[in-house]
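For reference, the chains in residue letters:
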There are 2 protein chains.
Amino acid sequence: MPARGKATIRDVACRAGVSAATVSRVLSNHGPVSEDVRMRVQQAINALGYRPNRIARSFRTQRSNFIGLIISDVENPFYTSLVRAVEDTAYAQGYSLLLCNSDEDVEKERAYIQFMADERVAGVIGSPASEQETSFAPLFDAGIPVVSVDRRSLRTPVDTVLLDNLASARDLTRYLIARGHRRIAAILPNVSITSGRERLAGFVQAMQEAGLPVDPALICEGKGFEAFGMQAMHYLLGLSDPPTAIFAGNNLITLGVLKALQEHGLRMAEDIDVAGHDEMPWMSLLAKPIIVAAQPIREMGQRAMDLLLARMNGDAQPPREVKLPPRLVVHQLNATAKAAACGEARR
Amino acid sequence: MPARGKATIRDVACRAGVSAATVSRVLSNHGPVSEDVRMRVQQAINALGYRPNRIARSFRTQRSNFIGLIISDVENPFYTSLVRAVEDTAYAQGYSLLLCNSDEDVEKERAYIQFMADERVAGVIGSPASEQETSFAPLFDAGIPVVSVDRRSLRTPVDTVLLDNLASARDLTRYLIARGHRRIAAILPNVSITSGRERLAGFVQAMQEAGLPVDPALICEGKGFEAFGMQAMHYLLGLSDPPTAIFAGNNLITLGVLKALQEHGLRMAEDIDVAGHDEMPWMSLLAKPIIVAAQPIREMGQRAMDLLLARMNGDAQPPREVKLPPRLVVHQLNATAKAAACGEARR
DNA sequence: CCTTCTACTGATAACGATTTCAGCCCATGC
DNA sequence: GCATGGGCTGAAATCGTTATCAGTAGAAGG
C-alpha cells in the first residue's frame, strides 16, 4: 500500500474494487455511478488519504485552474484592492491567482502574457500598459478568455470593466469650479492609457461648459507615478500665475501633489484645492480637505471575474464594456467623509 | 504541419530530423548535443514557433514553477510590499507567484497550505496566522520547502525571516520615554503571533529599564486590525487618567490610533505622542509628527526567497532564523523624514 | 420472447514532456 | 588489431488523470 497521501487514482480504484475510470467519475461528479459504488470509492479515498494530482489533471485537460492577473504594480493601492476582490471571487469558484506586475512596461507585459498562454491558465484579467500597444493575441490563439480592467485594450478588443472616467473627471472639475476656482490645473497620467485620455476629456468638458479657458500651460501629462505628480506640482507652483486648484488624474499623482504642497509650506497649501481619484484610508487624517472620486474597486474586480467566468463557460458574444459610476467623497479634517453636495456622478 | 504555436516536441524533432529526446536535451541544456544538431533543432523551434508545454513538463517532473505566497491580506501595505519583493526575486529566477490571503484565519490558511501541496509548488513563503496552530505538515510530506516571514511557526519549524521586534519595540518606547512621557500605553496585536509577543516584551523591557511601572490597564491586545486600534484608542482616551503617549504594535493599529485621535479633536491629538511600526507613504502629510520603526520589507522578501531557493536546491541544514534590524524614522510636518536621534536599533 | 433502451462499468488510449537504457561511431591506448 | 571509453543519439517507458468506446445487465415496451 502506498504511503498515506501519495495514493493515485488507481490505488483508490483497486481498494474499492472498481476501475480508475469509475473513480474519476465519482471525483468529477460526471457520468452515472451507482450509490453503492460511490460510497465504496469515497471510503477508499478517505482510507488512503487520496488527493487528486492536480498537475496530472491539468495535463490531461490542457487547462490549469489559475486566473492570471496582470497589473501595473501591487504596491499601488488601487491594484491592491483589485487583486483582493479578484482573489476572493476566484477562490470562491475554485480558481487561484497568478500575479504579475508589468510596471507599465509593454515589453514586460508582453512576456507575462506569453507566459500565461504557455501556462494554459483558465483566464486572464489585466490592466493593459497601453491602449494601442498591448496585445492579448497569444491568449486568443490559445483560446484563453481575457477581461480588461481600468483600461481598454484597443488592439485586441476584450470584455472591459471601466470607471466612468469622463463623469468622474467632469464632476470633480465641476466641484472645483463651484467652489469658485477659475485657474484649475490638471495633472494626468499618459493619454496612451484609457484613464488618462478620458479624464482629460472630462476635465476639458467641465471647463468648457463653465466657459473657462483651458490653459495648455496648466495641463501636465506624464507617467502616472507619485514622482511625476510631485514634479508637476512643483512646476505649477513655480509659475508666475499659479493655479488655485488642482485636478489630479490618479491616486499616486494625488499623493505627489499633496507632498509637493507640503514641501511648499502649509500656508500655501491651504490656498490650493485638490481633487483626486480613489479614496485612501489615510485621507481623513489630512490637515486640509480633499475631494476624491472613489472607485467601486471591489465591484470592478467582481464584475471582471463574472465576465471572465461567463467566457470560460463558453459565452461567445462580442466583447462587452461595463462602465461603473464613481462616488464623489469629501474628506475633511475632524469630520467623517461625506458625499459631495454637488456634482454627484450620474450613470 | 501543426498550426504555428501548437507544435509539440515531436513536431520539432520530426522537422529537425532528430528524436524527441534530443530536442529535450537542447531545450534543457542537459546532456551532450553536437553543435550541428543543436542548430537544426533551434531552427525547427523557430520555424514552428514551438513553445514547450509547461503543464506537461510539470507533470513529468511532478513539480510546478510556482512559489506559493500565503499572507494575511494583500490590502495591508506591509504584505503588499512583501509580495512585490518576493515577486521580483521569484520571477528573476524563473518562478511565478501564487497568491493567497489567509485573513488571519487558521482554517482558511490550512486549506491554502493543503492546496499548495496538491499543486506541487516549488516552494512556499508564508506568514503564519498562529505561532502554535499553523502547521506546514502537508508541505513537508510533499517535500516542499517553506520559509516563514514576519512570524515564527513553532509547530513546524522552518527557515524564518523576522524583524528584530524586541529592538524595534524597545527603541520606540525608549524614544517616547526620552521625550518625557511616563504614562505610555501599548496597543498590540495578539500575543499568539510572533510580532505581538515580542513587541510587548520590548515595550515592557524599555519601561522597566527606565524604572517606569507597566500599568496593565494601559496594555491593549487584540486582532491587529485598524478597527481594533481605533477602539482601543477610544478606550484609552476615556480613562480618567489617560496616557500621554501610545506605542502602536503594527501599521493598521497605528492608523486606527491616528483616526481615533482625529475624532477626538486636534488639540488632544497634539498632546499625545504616537510611535508605530512601518513607514507609509502618506506619513509625511500628517499634521503631527509620528515616529515609526521602518521595516526593511524589501530585504525581508529577498532574504526569504534566498533561503527558499537554497532549500529548493537541496540545502538540508537545520532551520535558520534571519533577524533584520528596524530603522527608526521620525515623520514631521514640513520636514523630510529624518532618522531618530536616539534609540537607533542595533543588530 | 425479443427488441430496445437506460444505467452503469471497465479497458484502453491519449495528453507532451523527461529520463533511462542501450547502441552506434570514432578516437585512443595497448 | 582489438579492447576501451567517451560523445552523441534514438527507442521506449513513464508520470496520473480524463475521455472514448464497447459491453453487460436489467427494465421496459411491443
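Placed above this text is the structure.
No experiment lies behind these values; they were computed from the predicted model shown. Starting afresh in each chain, residues are numbered from 1 along the sequence in its written order. Labels follow written order: the first chain is A, the first ligand is 1, and so on. Selection of residues for local features in this predicted model requires a pLDDT of at least 70, selection of side-chain atom pairs for listing and counting requires 80 or more, and totals for whole chains, interfaces and linings are taken over all residues. Side-chain numbers here rest on the full set of heavy atoms in the structure, without hydrogens or water.

Draft legend 1. Broad picture of the overall build of chain A. Each helix corresponds to a stretch of at least 4 residues labelled H or I by DSSP, and each strand to a stretch of at least 2 residues labelled E; elements are numbered beginning at the N terminus. Summing up its helical and strand segments, chain A has 13 helices and 13 strands in all. For this measure, only C-alpha atoms enter the radius of gyration; the expected value for a globule follows 2.2 Å times N^0.38, where N is the number of residues. Taken over the C-alpha trace, chain A has a radius of gyration of 26 Å; the compact-globule value for 347 residues is 20 Å, which it surpasses by more than 25%. When the backbone C-alpha atoms are referred to their principal axes, chain A occupies close to 85 × 45 × 35 Å. By the burial criterion, 56% of the 347 residues in chain A qualify as buried. Accessibility throughout is a Shrake-Rupley quantity obtained with a 1.4 Å probe, and a residue counts as covered only by protein chains that appear here. Within the structure as shown, chain A displays about 14,100 Å² of accessible surface, and the carbon and sulfur contribution to it stands at 51%. Note that His is not counted, nor are the chain ends; the positive residues are Lys and Arg, and the negative ones are Asp and Glu. Where a charge lies is defined by one atom per residue type: Lys uses NZ, Arg uses CZ, Asp uses CG and Glu uses CD. Between the mean site of the 39 positive side-chain charges and the mean site of the 38 negative ones, chain A shows a separation of 8 Å. The cut-offs for exposure are 20% and 50% of the maximum accessible area for each residue type, with area from a 1.4 Å probe on protein chains only; residues under the lower value are buried, those over the upper are exposed, and the others partly exposed.

Draft legend 2. Focus on the nonpolar core. Residues A:Ile187, A:Met233, A:Trp282, B:Ile187, B:Met233 and B:Trp282 are the most contacted members of the largest nonpolar core, which totals 58 residues. Counting 54 residues, the second largest nonpolar core, distinct from the first, contains A:Leu82, A:Leu97, A:Ala122 and B:Tyr95. Residues belong to one nonpolar core when they are buried, are Ala, Val, Leu, Ile, Met, Phe, Trp, Tyr or Cys, and are joined through side-chain atoms within 4.5 Å.

Draft legend 3. Quick look at the interface of chain A and chain B. Note on definitions: a residue-residue contact is assigned when non-hydrogen atoms from the two residues lie within 4.5 Å. Each side of the interface is counted separately: chain A has 53 residues, and chain B has 53 residues. Here the buried area means the combined drop in accessible surface, using a 1.4 Å probe, for two parts upon being joined, counting both sides. For the pair chain A and chain B, the summed buried area comes to about 4,800 Å², and 55% of that belongs to carbon and sulfur atoms. Broken down residue by residue, the surface that chain A buries against chain B is led by A:Ile55, A:Arg84 and A:Leu285, which jointly contribute 15%. Here, a salt bridge means any side-chain nitrogen of Lys or Arg that lies within 4 Å of a carboxyl oxygen of Asp or Glu. Between chain A and chain B we count ten salt bridges in total. Between A:Glu75 and B:Arg298 there is a salt bridge, and its shortest N-O distance comes to 3.8 Å. Each polar contact in these results corresponds to two N or O atoms within 3.5 Å; when the atoms are within protein, one needs to be able to donate a hydrogen and the other to accept it, and residues that are neighboring in sequence are counted only if both atoms are side-chain atoms. The tally of links from chain A across to chain B stands at 24 residue pairs in polar contact (both at pLDDT 80 or more).

Draft legend 4. Layout of the environment of A:Pro216. All names here are of chain A. Secondary-structure assignment places Pro216 in the loop between helix H9 (194-209) and strand E7 (219-222). You can call Pro216 exposed: its relative accessible area is 64%. Spatially, the C-alpha atoms of Pro216 and Gln93 are 49 Å apart, while their sequence positions differ by 123 residues.

Draft legend 5. Representation of the relation of the copies chain A and chain B within the structure. For the pair chain A and chain B, the relating rotation is 180 degrees, the translation along its axis is 0.0 Å, and the fit reaches an RMSD of 0.1 Å. Both copies of the chain, as the preceding transformation shows, are related through a two-fold rotation axis. Among all residues of chain A, the one whose C-alpha sits closest to the rotation axis is A:Leu98, at a distance of 2.5 Å. Both copies present the same face, since 100% of the interface residues in chain A are matched by interface residues at the equivalent positions in chain B. In this comparison the copies share one frame, found by least squares on the C-alpha atoms of residues holding pLDDT of at least 70 in both.

Draft legend 6. Geometry of the protein's contact with DNA strand C. Throughout this document, a residue counts as near a molecule or strand when at least one of its heavy atoms sits within 4 Å of that molecule or strand. Taken together, 24 residues form the shell around DNA strand C, and within it A:Thr22, A:Val37, B:Ile9, B:Ser24 and B:Arg60 come nearest. Backbone atoms, meaning sugar and phosphate, form 54% of the atoms of DNA strand C found within 4 Å of the protein. Here a base nitrogen of DNA strand C and a side-chain polar atom of A:Arg25 are 2.9 Å apart. Between DNA strand C and B:Arg10, the relevant distance is 3.2 Å, taken from a base nitrogen to a side-chain nitrogen or oxygen of the residue. Of all the secondary structure elements, the ones that give two or more residues to the surface near DNA strand C are helix H2 (20-28) and helix H4 (54-61) of chain A together with helix H1 (9-16), helix H2 (20-28) and helix H4 (54-61) of chain B. Top element by residues in the surface near DNA strand C is H4(B). It accounts for four residues. Considering only residue class, the surface near DNA strand C consists of twelve nonpolar, seven polar and five charged. Side-chain classes are defined by residue name, with Ala, Val, Leu, Ile, Met, Phe, Trp, Tyr, Cys and Pro counting as nonpolar, Asp, Glu, Lys and Arg as charged, and the others, Gly among them, as polar.

Draft legend 7. The arrangement of the protein's contact with DNA strand D in detail. Around DNA strand D, a shell composed of 24 residues is seen, among which A:Ile9, A:Arg10, A:Tyr50, A:Arg60 and B:Val37 lie nearest. Taking the atoms of DNA strand D that fall within 4 Å of the protein, sugar and phosphate contribute 54% of them. One of the side-chain N or O atoms of A:Arg10 is found 3.0 Å from a base oxygen in DNA strand D. In the model, a phosphate oxygen of DNA strand D is placed 2.8 Å from a nitrogen or oxygen of the A:Ser24 side chain. Taken together, the elements giving at least two residues each to the surface near DNA strand D come down to helix H1 (9-16), H2 and H4 of chain A together with H2 and H4 of chain B. Here the element with the most residues in the surface near DNA strand D is H4(A); it accounts for four residues. Broken down by class, the residue content of the surface near DNA strand D amounts to twelve nonpolar, seven polar and five charged.

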